[in-house]
Each structure stands twice: as structure tokens, then as C-alpha cells.
Amino acid sequence: MKRQADRCAPAALAVMLACAGLTGCSSDGPNGATASSAASAARSRASAGASAASSAAASAVGSAVASAEAAAEAALRKIKGGLDAKADVTLGTAATGSDGRIEVPVNVVNHDSEARRYTLLIKFKDQSGNPVDMVTVDVPEVAAGGTDHATARSNRNLTGTVTAEVSKAVRY
């Protein structure tokens, strides 16, 4: 994602500088209309460049989320004989860790009469509700009737207001 934005940044900067230089031209004299038209065209190109950069960044985030989701779903498909256990899982409040990644406390209560393992799929969302990352959390052995704790950490640094939700939980 950063590489795509870095490639677009010099072009966008050049267009914005050209736009800034042309907007200082007056419309007095015979070349005024040409300068005004060139300034308008430069502003349009700058807007298009900014839109393309924004679209490329959104595409990269979407690709990263899709990749994380595919990996998490693959981990869940390997589980044989698992049961839906979303009701056994609660999440704490998402917070940014010292490394810039989002961390969320996870609590698992095993309501079964035997010790069980849990595999959880945790989805991170931005303030608009759009998915921005997804992780798998394994909780190895929760005693019968017992509680265990884990931490879900985003795969990468996330900015802004981020929330987490249990997308899937499997007990086996």
C-alpha cells in the first residue's frame, strides 16, 4: 500500500505545484484566458491524481484484508468436528500497542463438560464499519467450565478509530 502511494506522490505534487503556479496568473491581456484554462486543466489533473492515489490506497487495504481473511478461513477449514462458539467469546476494548498494532483482549468461557480448544476469527473495522484487518487467534486448552484469556493483534499498524468483533469462533 505504501509503495503505491509513494509512486503517486511525486506526480500529484508536480501537478499541485503546477496548479499553484498557474493560479497566480491574471486574466488581463491576451494570454489570460490561456493561463486560466491551463490552471483549470491542472486543477482537474491534480484532482484526478489525488483520486487515483486514494483509490490505489483503498485497493491495497482491501487486498490486505482479503488476504488475511483467506488465511484465517483456511485455518478454520482445517478443524474437523468443531462447533460454533461465538457465545463463549467476549472481546475487550481495542487499543494501540507500543508497536502501532491494535490489540484486543479476548476472554473465552468453556461451557462444555470437557476441556476444549478454540480457534477464533477476529475482524478489525474502521470507524465507518469497513474491515481493515482480520486475524486468527488460537486458545489451546480451556478447562471444562473454565475461562482463558488471549490477545488478538492486528497484522499491521492501523490508524484511526478501530473496533474488533468476533467474526467466527470454533470450539473443538
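Residues numbered from 1 in each chain as written. Predicted model: local features only at pLDDT ≥ 70, side-chain atom pairs only at ≥ 80, totals over all residues. Heavy atoms only, no water.

**Things to note about the overall build of the protein**
No. 1: If you tally the helices and strands in the protein, you get two helices and eight strands.
No. 2: Helices and strands appear in the protein in the N-to-C order α-α-β-β-β-β-β-β-β-β.
No. 3: When each of the 172 residues of the protein is scored for burial, the buried share is 30%.
No. 4: Counting only contacts in the protein whose residues sit at least 6 apart along the sequence, the fraction spanning at least 24 positions is 64%.
No. 5: Carbon and sulfur atoms make up 53% of the accessible area of the protein, which amounts to about 9900 Å² in all. (Helix = DSSP H or I, 4+ residues; strand = E, 2+ residues; numbered from the N terminus. Buried < 20%, exposed > 50% of the residue type's maximum accessible area, 1.4 Å probe, protein only. Contact = heavy atoms within 4.5 Å. Areas by Shrake-Rupley, 256 points an atom, 1.4 Å probe, with all protein chains shown as cover.)

**Re the sheet that holds strand 8 (residues 163–171)**
No. 1: If you walk across this open sheet you meet the four strands as 1-8-5-6, and the pairing is antiparallel. Looking at which strands have only one partner, the edges of the open sheet turn out to be strand 1 (83–84) and strand 6 (131–142).
No. 2: In this sheet, strand 6 lies alongside strand 5 (residues 116–125) in antiparallel orientation, the contact comprising nine bridges. When the bridges of strand 6 are listed, Leu-120 appears paired with Val-137. (Pairing = 2+ DSSP bridges.)

**A few points about the nonpolar core**
The nonpolar side chains of soluble globular proteins are, as a tendency, buried together.
No. 1: One finds Val-108, Leu-120, Ile-122, Phe-124, Val-137, Val-139 and Ala-152 to be the most contacted residues of the largest nonpolar core, which totals 21 residues.
No. 2: Looking at this core, the elements with two or more residues in it are strand 4 (101–109), strand 5, strand 6, strand 7 (147–157) and strand 8.
No. 3: Of the residues forming this core, the biggest block, five residues, is contributed by strand 6. (Core = buried A, V, L, I, M, F, W, Y, C linked by side-chain atoms within 4.5 Å.)

**Brief notes about the pattern of salt bridges**
No. 1: Evaluation of the coordinates by the stated rule reveals six salt bridges.
No. 2: For Asp-88, the salt bridge is made with Arg-171, and the minimal N-O distance between the two is 3.4 Å. Of this pair, Asp-88 sits in the loop between strand 1 and strand 2 (89–91) while Arg-171 sits in strand 8, placing them 83 residues apart in sequence. The exposure classification of Asp-88 matches that of Arg-171, with both residues buried.
No. 3: A salt bridge links Glu-114 to Arg-116; its shortest N-O distance comes to 3.7 Å.
No. 4: Through salt bridges with shared partners, a single network forms among Asp-99, Glu-103 and Arg-153. (Salt bridge = Lys/Arg side-chain N within 4 Å of Asp/Glu carboxyl O.)

**Brief notes about the side chain of Lys-123**
No. 1: With respect to the helices and strands, the residue Lys-123 is situated in strand 5.
No. 2: Lys-123 has contacts with Pro-131, Asp-133, Met-134, Thr-163, Ala-164, Glu-165 and Ser-167, leaving out every residue within four places of it along the chain.

None of this, on its own, says anything about what the molecule does.
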